[in-house]
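Descriptive structure summary
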Amino acid sequence: MRGTKRIAMWLRALVSRRTMESELDEEMRFHLDMEAAKHTRRGVTDDEARRRASLAFGSVEQHKEAMRDGRGVRGIERAAFDLRFGFRQLRKTPGFTLAAVLTLALGIGGNVAVFSVVNGVLLRPLAFPDPDRLVTIAHRTRGGDLPLTLPNATATDVVYQASHSFDAMALYSSWQGSLTGGDGAPEWVDVTSVTRSLFDVLRVRPALGRPFTADEDRPHGPRAVILSHALWRQRFGGDPSIIGRTIAVEGTTHEIVGVMPAGFAFPTPGVALWVPMRVDRNDLGGFNTPGIGRLRPGVTPEQATRELTQLLPGVTKLTDFLTEKTIRDAGLTADVHPYLDDVVGRVRPVLWTLWAMVGLVLLIACVNVASLLLVRAETRRREVALRVALGAERGHLLAQSLAESAMLLMMGAGLGLVLASGAVTALPRLAPDLLPRLADIRIDAVVLLCTTLVAAVVAVAFGVVPVVRNRAVAPAAMLRGGDRAATIDRHTGRLRQTLVVAQVAMATVLLVGSGLVLRSFHKLRHVDLGFRPDGVVTFRIALPYSRYKTSESVAQFHYAMLDRIRTMAGVEVAGATGTLPLSPSFAEYDPLRMEGVTAPPDVLPPLAEMRVATPGYFEAMGIPVVAGRPLERSDTDRITGAVLVTQSIVRKVMQGRPPIGARVAHGVAKVSNERPWSDVVGVVGDVRGVSLDQEPVGAVYYAMVNRPKVDMDWLARSMVYAVRTKQPPAQLIASARRELAQLDPTLPLAETRTLTSVVDTAKSGMRFSMLGFAVAAVIGLFMGAIGLYGVLSYVTAQRTREIGVRMALGATPSSVRTSILWRGVVVSAIGLAAGLAAALSLRMLAKPLLYGVAPTDPITLTAVSLVLLCAGALAAWLPARRAARLDPVRALRWD
Amino acid sequence: MGESSNEPLRGTIDLLVLRTLSLAPMHGWGITQRIQQATDGVLEVNQGSLYPALQRLEQKEWIDSEWRVTDNNRRAKYYRLTPLGRKALGAETQSWRRLVVAVEQLLRTT
């Protein structure tokens, strides 16, 4: 017979089983009737005829069975039967089923959700060929305080070329700039300058056109630009003849030489343009140029680090501020590490710990369900004994037990997946800035496969437990004696208690973890930001070179705009600066020198942030001026620039000298672009610039200037306005937009946000881990309590007769209650002790997640202990009360 | 019943059923009666082997079945030979004859 026909038949046998059965029935009956009729015709009575017919026919059931076997779907039918049987069993005990399914759903759902994030963010390689050979090339000093990307342009582009560890090395640097030309309005876009070797490092070619030529990557070479796929589609309608046309980047005409493939996102998604870096070998020394390299096959990052560190002293021949002694004293070394670390480094500890947490929750869930199944197995001992006595095969009993577990698990896993898909869509929204590879998070085949595997292992374990427990059942003894044994057997009791202790211990670990994170979050909430975020609305206005060519026009524009804003209704005060605190930005750090202080030639000058600010900015932000005066508009006209420094600069750089009147300059001395001195006119408070949990680095705020002073000019070109107002944000932004349109209709009002939302975003990382931990801990605690409750209830029920005897012999209800309560507390206390020990031994893991709280924080540990003991007592209370209310007479008759 | 002497040889039941159905479509009981009549009661087909055989033949597509109403107005499942079954009947008959000749030959030479 042909295969398809056979499959069709099988399907029919499975699907229309009922019809086939009734047809079979009818055919058999017809045969019997005809046979009987034959006998009747020969003159025997109806009854006798029927008897003879039956005799001749033989066992109808036996024939039917043979026919059923003939359909060839016996195994499937039996499995379906077992599943249906399991389902009926589960439906009979809805409480148990609901508890088990919910427990499993929470355990599995949490794991699937977190694993999808882990898989998407940490495990799935970057979207480049051989991504594990991609490394970041950086430098660090012994203190490790600021991982300096030291004069990387020098090192990577010149000195490290002698290295044998790399296939290719590249530098890149991200900034923002204006884009004009093509069909659209002027745009403010993310731009990345790259050395032309970047395409060799990443091994990605433009989808259209070509990479940069050596000529284009040289200073004063022809200007070239490569577009992102998204920009090409949006702005140029995906025009394939785009190559060779020109656009203006920051007002300078560039020839479009290529379009990157869709999905190419380096170094961040959203970069619209790549331009050549055009490193000037006669003028090296940028401190903030990240390097990326592709290791030769087989070379480890450690080997590469060693080799580059050996080459590092070569830098001294090219710069006049680094000597071999400086390098030695600062403990300056190369630092080559996987590029993926930089992409996901910040979230890695959070995610791994969170995963461990939900893993614990799953374990607790499994223990809980195992424990529930054990109870069930014991209550079913009589049923099993009866069935064995009636000839049920042990193998079939095992199969049925497995089928029941499988049903539970299917329901649990199904519900868990629903929960997980909900969580996966919600997670990124909870922590928009925290998860760096958002696009990669989804529930995919790998995640599903892992879940299925875990679920299968759990199902088998669950299914086997009750059967093994009941294997020793001797049908005769069981049926005779029933569950009347006065006490439960010691072994079972101990196994179950061990399970509960393990649960409580795991719940303790979860609670300690989430308690610590909660305390950290609380501390972070109350950290001194250095500014008052409430009531401040912010937005960015960027001025393209094409329209604002001079520093003077830039300063003029910003002052004019500020004047307009100040006259708007409800505005208290307004000012502007280059970047907001706490927002991911391209903050500029450079060494800071002070006039009259000649740093020893070998000492690296301390770093300070370089900012531009307008008058009004400090008042608008609520940053206190602690000495001297704030910036004034007249400072813009001063021959010598005016600056404010923060308190930490006074402390670290000026070392006790009076700050007002001192003169400082960013950058190193005696280089071609050496910056002139500026007068310090005031001191302001520090703000948390980079992130909530990092101490302020210290900043110098420059007044806008009328004459271009070296490379200071670009800092003022794109400014964030901070407006302290009583107006609703939307209304204020609408009026600001109207004012801007009157001043210059070609400029967009970008990045409109409230300062509160900026701070909230900065907290999102901590909030994300806190939420994850709290949810895991609450579920863990809840499950632990349920487990304890279940065990104590069961033990109490089993001991009903024993308790009855005791009460008949004079035990008081309160002594019975106390004994059961005590048992609950002892079990929780043992679990608690084990859990605390485990939490302490894991404390190093928690460290990167905490802020201002020691992993051994006594407040947290005490609170956790109290919560756990209370939960334990509560879980024991109900069974204890039930036992104390027992009527001894009824208890003794209890079956 | 169940006298082994009256039961057809194992494996020949397919042939008997096919041959019987080649005359006219028939229900299961009819087949047993027809075989009994045609062999003067020498061969009695056991229901326990008849129905599995019918199922097997149907799965091989040598016969097919439909529910029809009998002369005395009852529903019964009628089996009918398919063209494939007719071909198979020829082949089965041939091989049966060869077998009979071979067994005869063996008996004579002894």
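Residues numbered from 1 in each chain as written. Chains lettered and ligands numbered in written order. Predicted model: local features only at pLDDT ≥ 70, side-chain atom pairs only at ≥ 80, totals over all residues. Heavy atoms only, no water.

Some points on the overall build of chain A
When helices and strands are counted, chain A shows 29 helices and 21 strands. When contacts within chain A are restricted to residue pairs at least 6 apart in sequence, those whose partners lie at least 24 apart make up 81%. On chain A, roughly 40500 Å² of surface is accessible, and the fraction owed to carbon and sulfur atoms is 60%. (Helix = DSSP H or I, 4+ residues; strand = E, 2+ residues; numbered from the N terminus. Contact = heavy atoms within 4.5 Å. Areas by Shrake-Rupley, 256 points an atom, 1.4 Å probe, with all protein chains shown as cover.)

Quick word on the overall build of chain B
For chain B, the count of helices and strands is four helices and three strands. Secondary structure of chain B in N-to-C order comes out as α-β-α-α-β-β-α. By residue count, 39% of the 110 residues in chain B fall in the buried class. Of the contacts formed within chain B by residues at least 6 apart in sequence, a portion of 53% connects residues at least 24 apart. Accessible area for chain B stands at about 6600 Å²; split by element, carbon and sulfur atoms hold 51% of it. (Buried < 20%, exposed > 50% of the residue type's maximum accessible area, 1.4 Å probe, protein only.)

Topic: the interface of chain A and chain B
Contacts between chain A and chain B engage 23 residues on the former and 21 residues on the latter. In total, chain A and chain B occlude about 2200 Å² of area from one another, counting both sides; carbon and sulfur atoms represent 56% of this. A per-residue breakdown of the area chain A buries against chain B is headed by A:Glu27, A:Phe30 and A:His31, which together make up 29% of the total. The interface formed by chain A and chain B includes two salt bridges. On inspection of chain A and its partner chain B, the count reaches six residue pairs in polar contact (both at pLDDT 80 or more). If you list the elements that add at least two residues to the side of chain A that touches chain B, you get helix 1 (3-15), helix 2 (17-41), helix 3 (46-57) and helix 4 (60-70) of chain A. Per-element tally for the side of chain A that touches chain B: the top contributor is helix 2 of chain A, with eleven residues. Split by residue class, the side of chain A that touches chain B holds ten nonpolar, three polar and ten charged. (Buried area = accessible area lost by both parts, 1.4 Å probe. Salt bridge = Lys/Arg side-chain N within 4 Å of Asp/Glu carboxyl O. Polar contact = N/O pair within 3.5 Å; in protein donor to acceptor, adjacent residues only side chain to side chain. Nonpolar A, V, L, I, M, F, W, Y, C, P; charged D, E, K, R; others polar.)

Focus on helix 24 (residues 755-798) of chain A
Over its 44 residues, helix 24 of chain A runs 62 Å from end to end, which matches the ideal 64 Å to within 8%, given 1.5 Å per residue. Bending of helix 24 of chain A peaks at approximately 45 degrees at the position of A:Ser764. (Expected span 1.5 Å × (residues − 1). Bend = angle between axes of the 7 residues up to and from the residue.)

Here's the deal with the sheet that holds strand 1 (residues 26-27) of chain B
Residue and element names in this part refer to chain B. The antiparallel open sheet is built from three strands, whose spatial order is 1-3-2. Every interior strand has two partners, whereas the edge strands, strand 1 and strand 2 (63-69), have only one. As paired elements, strand 2 and strand 3 (residues 75-81) share seven bridges and run antiparallel to each other. Following the sheet pairing, Ile 63 is matched in strand 3 by Leu 81. Here helix 3 (residues 47-59) sits on the sheet and contacts strand 2 and strand 3; the angle it forms with strand 2, its principal contact strand, is near 115 degrees. (Pairing = 2+ DSSP bridges. Axes fitted to C-alpha atoms, helices over the stretch in contact; angles between N-to-C directions.)

Comments concerning unusual backbone geometry
Along the chain, A:Phe266 connects to A:Pro267 via a cis peptide bond; the corresponding omega equals -5 degrees. Mapping A:Pro267 onto the fold places it in the loop between strand 7 (252-259) and strand 8 (271-276). The phi dihedral of A:Asp130 falls on the positive side, at around 40 degrees, and the residue is not glycine. Counting through the fold element by element, A:Asp130 comes out in the loop between helix 6 (94-123) and strand 1 (134-140). Residue B:Asp40 is not a glycine yet carries a positive backbone phi of 50 degrees. Looking at the element boundaries, B:Asp40 is found in the loop between helix 2 (28-38) and helix 3.

Notes on a positive patch on the surface
Residues and elements named next belong to chain A. Together, Arg 18, Arg 84, Arg 88, Arg 91 and Lys 92 make up a region of like positive charge exposed at the surface. Among the elements that make up the positive patch, the one with the highest residue count is helix 5 (residues 74-92) (four residues). Structurally, the position occupied by Arg 88 is in helix 5. (Patch = residues over 30% accessible without salt bridge, like charges linked within 9 Å, V, L, I, M, F, W, Y side chains within 5 Å. Lys, Arg positive; Asp, Glu negative; His and termini not counted. Charge placed at Lys NZ, Arg CZ, Asp CG, Glu CD.)

A few points about the side chain of B:Thr32
Note on placement: B:Thr32 falls in helix 2. Residue B:Thr32 is classed as buried on the basis of its relative accessible area, which comes to 4%. At a separation of 2.5 Å, a polar atom in the side chain of B:Thr32 contacts the main-chain carbonyl oxygen of B:Trp29. What B:Thr32 contacts, discounting residues up to four positions off in sequence, is A:His31, B:Val45 and B:Leu50.

Some thoughts on helix 21 (residues 647-654) of chain A
Residues and elements named next belong to chain A. Ser 648, Ile 649, Val 650, Val 653 and Met 654 are the residues of helix 21 that are buried. On its buried side, helix 21 packs onto strand 13 (588-594), strand 14 (607-613), strand 16 (641-646), strand 17 (663-666), strand 18 (678-684) and strand 19 (699-703). A positive phi of about 45 degrees marks Gln 655, the residue just after helix 21.

A look at the packing of aromatic side chains
Residue and element names in this part refer to chain A. Evaluated as defined, the whole model comprises 13 aromatic pairs over all chains. Ring plane angle 65 degrees and centroid distance 5.8 Å describe the contact between Phe 199 and Phe 212, whose orientation is recorded as edge-to-face. Linking Phe 199 in helix 8 (residues 198-202) with Phe 212 in the loop between strand 4 (208-209) and strand 5 (224-227), this pair joins segments that are 13 residues apart in sequence. In this structure, Phe 199 and Phe 212 share a single accessibility class: buried. (Phe/Tyr/Trp six-rings, centres within 6.5 Å; stacked < 30°, edge-to-face > 60°.)

What to know about the confidence of the model for chain A
As a note on interpretation, predicted positions should not be read in detail where pLDDT is low. All names here are of chain A. This prediction gives chain A a mean pLDDT of 80; 86% of its residues lie at or above 70. Note that pLDDT drops below 50 for residues 144-149; the model gives that stretch 16 contacts with residues more than four away or on any other chain. Per-residue pLDDT stays below 50 along residues 482-488; that stretch engages in eleven contacts with residues further than four places along the chain or on separate chains. (pLDDT = per-residue confidence, 0-100.)

Side note on the pattern of salt bridges
Residue and element names in this part refer to chain A. This structure, assessed with the given rule, holds 32 salt bridges over all chains. Arg 133 serves as the salt-bridge partner of Asp 130, at 3.3 Å between the closest nitrogen and oxygen. The exposure class of Asp 130 is partly exposed, given its relative accessible area of 37%. Arg 133 gets classed as buried once you look at its relative accessible area, which sits at 15%. Residue Arg 629 is joined to Glu 632 by a salt bridge in which the shortest nitrogen-to-oxygen separation is 3.9 Å. By relative accessible area, Glu 632 is classed as partly exposed at 37%.

Things to note about the packing of helix 1 (residues 13-23) of chain B against helix 2 of chain B
Residue and element names in this part refer to chain B. Put simply, helix 1 and helix 2 touch, their axes get as near as 10 Å, and they point 100 degrees apart. Comparing the axis directions of helix 1 and helix 2 gives the class roughly perpendicular. Counted together, Leu 16, Val 17, Thr 20, Leu 21 and Leu 23 of helix 1 and Ile 31, Arg 34 and Ile 35 of helix 2 form the full contact between these two elements. Considering only residue class, the contact of helix 1 with helix 2 consists of six nonpolar, one polar and one charged. (Parallel < 35°, antiparallel > 145°, perpendicular 65-115°, else oblique.)

Re the nonpolar core
All names here are of chain A. If you look at the biggest cluster of nonpolar residues, it comprises 106 residues, and the most contacted ones within it are Phe 531, Phe 618, Ile 623 and Tyr 701. Residue contacts for Phe 531: discarding those within four places in its chain leaves Pro 581, Leu 582, Met 621, Gly 622, Ile 623, Val 687, Leu 755 and Val 759. Counting residues in hydrophobic clusters, the runner-up holds 45 residues, among them Ile 541, Val 650, Met 654 and Val 723. (Core = buried A, V, L, I, M, F, W, Y, C linked by side-chain atoms within 4.5 Å.)

Digging into the pairing of strand 20 (residues 718-725) of chain A
Residue and element names in this part refer to chain A. For strand 20, the buried fraction is high: eight of the eight residues fall into the buried class. Pairing of strand 11 (residues 536-542) with strand 20 involves seven bridges; the strand directions are antiparallel. Across the sheet, Phe 539 pairs through a bridge with Tyr 721, a residue of strand 20. Both strand 12 (residues 571-577) and strand 20 contribute to a ladder of six bridges, which runs antiparallel. Within strand 20, the residue paired with Ala 576 across the bridge is Tyr 721.

What about the environment of A:Arg817?
Residues and elements named next belong to chain A. With respect to the helices, strands and loops of the structure, Arg 817 is situated in helix 26 (residues 813-841). As for Arg 817 and Ala 876, which are separated by 59 residues in sequence, their C-alpha atoms are 9.3 Å apart. When sequence neighbours within four positions are dropped, the list of residues in contact with Arg 817 reads Trp 877, Ala 880, Arg 881 and Ala 884.

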